[in-house]
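Close look at the chain arrangement
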Amino acid sequence: EGYGDLAALHEPIAPEDEGSFRVSVPYRHVDLVSVISARAEPPVSVEELAGVRAMASAPAAALARMMPLAAPIRARPPGVGADGFNAVLSVARGHAPVAIVNRDTARLAVSGRSDLRIGPVVVPQVPLVWVLNPSAPQLHRRVNEFLQSATASGLVGQLVINQFDPRHIRRPSEMLPIPEGALTPYDELLQWVGKTYDIDWRLLASLMYEESRFDPGAVGP
């Protein structure tokens, strides 16, 4: 819609969107997997998902519907602009029997939960790309150079380990309790710091959540 030059996605591109953007070189390939309720009988293979109603982001849903099964998977987004985490949430709430998300999202969403499990691979090894405004050929070239360099140097691989390795995923039980109506366990302190140094305290809260889940004793990998 013209609001940006670059979307740095953790999603494949939907087949119907091909040609609408400039698309970067793939920086990773990941499986699209199913996520199901732990109460349901787990499917053994993707063939058992034929005709099943599933929730997924728009790109993942489009790719899932294309799988050559006895009946197409009835995949769709749970809402406008919904991503993989919204799809998994739909399963957790009982609104859908299956979510189809990339394996990274599945690992993060299922970690520490007893009510969800990862099922069979639906679409193997889909490319993850960034998309760019069609009118930005120079930016497209620079992005490709950056992604190729980041992949060849091992940076992408190290980020994958840091972010998605099960040993580094923090379980919900390890998070400090957040008081009702608060953003963090440290709202008053952050608000004071924000006023003192003229920084939006919510930005500080976001950084703290991303880096340590508000755990002052956390040590990064």
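This report concerns the structure included in the present document. This structure is a prediction, so every number in the text was calculated from the model and none was measured.

Section: the packing of helix α2 (residues 84-92) against helix α3 (residues 103-110)
Here α2 crosses α3 at 50°, and the two axes come no closer than 10 Å. Of the possible angle classes, the one that applies to α2 and α3 is oblique. The hand of the α2/α3 crossing is right-handed. Along the contact surface, α2 presents Gly-84, Phe-85 and Val-88, while α3 presents Thr-105, Leu-108 and Ala-109.

Structural notes on helix α5 (residues 155-164)
Those residues of α5 that fall on the buried side of the exposure criterion are Val-156, Val-160 and Phe-164. With its buried residues spanning 45° around the axis, α5 presents them on a single face. On the buried face of α5, the contacting elements are β3 (28-37), α3 and α4 (137-152).

A look at the sheet that holds strand β7 (residues 116-128)
If you walk across this open sheet you meet the five strands as β5-β4-β6-β3-β7, and the pairing is mixed. Two strands close off the open sheet at either side, each with one partner strand: β5 (74-76) and β7. Direction aside, neighbouring strands of the sheet carry axes that sit 25° apart on average. With five bridges connecting them, β3 and strand β6 (residues 98-102) associate as antiparallel partners. In the strand pairing of β6, Val-35 is matched with Ala-99. Lying on the sheet, helix α1 (residues 58-65) is in contact with β3, β4 (53-56), β5, β6 and β7; it crosses β5 at an angle near 165°.

Here's the deal with α4
Taking 1.5 Å per residue as the helical rise, α4 with its 16 residues ought to reach 22 Å, and the 23 Å between its terminal C-alpha atoms agrees with that figure. Buried within α4 we find His-140, Val-143, Asn-144, Leu-147 and Ala-150. Angularly, the buried residues of α4 cover 135° about the axis, an arc narrow enough to put them on a single face. Away from its buried face by more than 90 degrees, α4 exposes Gln-138, Arg-142 and Ala-152. On the buried face of α4, the contacting elements are β1 (6-7), β2 (22-23), β8 (131-132) and α5. Where α4 terminates, the next one or two residues include Gly-154, which has phi positive at roughly 90°.

The rules behind these values
Residues numbered from 1 in each chain as written. Predicted model: local features only at pLDDT ≥ 70, side-chain atom pairs only at ≥ 80, totals over all residues. Heavy atoms only, no water. Axes fitted to C-alpha atoms, helices over the stretch in contact; angles between N-to-C directions. Helix = DSSP H or I, 4+ residues; strand = E, 2+ residues; numbered from the N terminus. Parallel < 35°, antiparallel > 145°, perpendicular 65-115°, else oblique. Left-handed = near helix turned anticlockwise from the far one by under 90°. Contact = heavy atoms within 4.5 Å. Buried < 20%, exposed > 50% of the residue type's maximum accessible area, 1.4 Å probe, protein only. Arc of directions from axis to C-beta. Pairing = 2+ DSSP bridges. Expected span 1.5 Å × (residues − 1).

Take it as geometry only, folks, not as evidence of what the structure does.
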